[in-house]
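Chain by chain, the residues run as shown.
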Amino acid sequence: MGSDNLFNKRREERRKRKENTKIQKSNKWLVVCEGTQTEPNYFKEAVSTINEELDDKYKLNVKVLGKGMNTISLVESVEDVLNEVDKYNVDTIPYGKIFVVFDKDSFSSESFNEAISMCEKRGYIPLWSNQAIEYWFLLHFNYIEVGMNRTMYENKINEYFAKAGLKYKYKKNDEKIYSKLSQYGNLQMAIEYARRIHLSHNNDTPSKSESCTTVYKFFDEIDERLKELK
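Quick look at the structure, then. (Residues numbered from 1 in each chain as written. Predicted model: local features only at pLDDT ≥ 70, side-chain atom pairs only at ≥ 80, totals over all residues. Heavy atoms only, no water.)

With that settled, the discussion passes to the overall build of the protein chain. From N to C terminus, the protein chain includes 9 helices and 7 strands. Within the span of the protein chain, comprising 230 residues, buried residues form 48% of the whole. (Helix = DSSP H or I, 4+ residues; strand = E, 2+ residues; numbered from the N terminus. Buried < 20%, exposed > 50% of the residue type's maximum accessible area, 1.4 Å probe, protein only.)

Grouped together as the largest cluster of nonpolar side chains are 68 residues, with contacts concentrated most on Tyr42, Phe43, Trp136, Phe218 and Phe219. Of the residues forming this core, the biggest block, 6 residues, is contributed by helix α8 (residues 187–200). (Core = buried A, V, L, I, M, F, W, Y, C linked by side-chain atoms within 4.5 Å.)

With that settled, consider helix α4 (residues 109–122). The end-to-end C-alpha distance of α4, which contains 14 residues, comes to 20 Å, matching closely the 20 Å that a straight helix rising 1.5 Å per residue would cover. Those residues of α4 lying buried are Phe112, Ala115, Ile116, Met118, Cys119 and Arg122. End-on, the buried residues of α4 take up no more than an arc of 155 degrees, which puts them together on one face. Facing away from the buried side of α4 by over 90 degrees, the exposed positions are Glu110, Glu120 and Lys121. Taken from the residues just after α4, Gly123 is the one with a positive phi, measuring 85 degrees. (Expected span 1.5 Å × (residues − 1). Arc of directions from axis to C-beta.)

We now examine the side chain of Glu34. Mapped onto the elements, Glu34 comes out in the loop between β2 (29–33) and α2 (38–52). The charged side chain of Glu34 is buried without a salt bridge, its nearest counter-charge being Lys172 at 8.2 Å. Non-local contacts of Glu34, meaning those with residues more than four positions away in its chain, are made with Glu39, Lys67, Gly68, Met69, Asn70, Leu74, Val101, Phe102, Asp103, Asp105 and Phe107. (Lys, Arg positive; Asp, Glu negative; His and termini not counted. Salt bridge = Lys/Arg side-chain N within 4 Å of Asp/Glu carboxyl O. Contact = heavy atoms within 4.5 Å.)

This next bit is on the layout of surface pockets. If you add up the space inside the second largest pocket, you get close to 160 Å³. In this structure, the second largest pocket is lined by 10 residues; those nearest its centre are Trp29, Gly96, Lys97, Arg225 and Glu228. Here the lining of the second largest pocket takes 4 residues from helix α9 (residues 216–229), the largest share from any one element. Here the residues of the lining of the second largest pocket are counted per class, giving 1 nonpolar, 3 polar and 6 charged. (1 Å grid on protein atoms, 1.4 Å probe; cavity = no way out; pocket = protein on both sides within 12 Å on 5 of 7 lines; lining within 4 Å. Points joined across faces, edges and corners; volume = space filled by probe spheres on them. Nonpolar A, V, L, I, M, F, W, Y, C, P; charged D, E, K, R; others polar.)

Quick look at the packing of aromatic side chains now. Evaluated as defined, the whole model comprises 18 aromatic pairs. Ring centres of Phe141 and Phe161 lie 5.1 Å apart, and the angle between their planes is 75 degrees; on these two criteria the pair is classed as edge-to-face. Note that Phe141 is positioned in the loop between α5 (134–138) and α6 (153–164) and Phe161 in helix α6, a separation of 20 residues in sequence. For Phe141, a relative accessible area of 16% puts it in the buried group. By relative accessible area, which is 0% here, Phe161 ends up buried. Ring centres 5.5 Å apart and planes at 85 degrees place the aromatic pair Phe218 and Phe219 in the edge-to-face group. Summarising the burial analysis for this pair, Phe218 and Phe219 share the class buried. Taken together through their ring pairs, the aromatic side chains of Trp29, Tyr42, Phe43, Phe99, Trp136, Phe137, Tyr170, Tyr178, Phe218 and Phe219 make up a single cluster. (Phe/Tyr/Trp six-rings, centres within 6.5 Å; stacked < 30°, edge-to-face > 60°.)

These figures capture arrangement, not role.
Written out as structure tokens, the structure is:
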């Protein structure tokens, strides 16, 4: 309750500073990640690779931050980023869309569910994975709906890459994991699988939705953005 009150107070302060100013919504997006390597590396390369195929006027403008925080503290850190931007730019909403990326891992169900609820209340798009983002990676190769402990993810990733023709040992700091998954797996298939599985958990809380991920929503938003521009 206290963190939400502080959030509302800060938001009201920003609103007052801008009430006599014409407000524009930025085309820039913000992706705030729980980890400092795996998630930032994935999203940075994803954006860079997608932009290579786009004309300058269509290119995505996405800032990716790795915070080294988890669940609730990660969501709360977004407000600090927005306040820092506000010091220099008071006539534009700094980010048109804000994504928050985090995993269930071993965190409590209460913290995980609360972090997702906080995102939704604040207008952020939570890209959560239960148990970890590597589950999203696995969906590039196979439809996996049964429960799987995250300790099994790494071996499964290596196994799928080997079947696809790449001798590979997964590393969480791999800066080219997006391109490897796209080349040897199938991104569109992962999006469709993840969406279908997520919808199948419609009556479950996120903490009970294992195995499940909403990372596909990032690519849905990209598709919508490109449709708007064309």
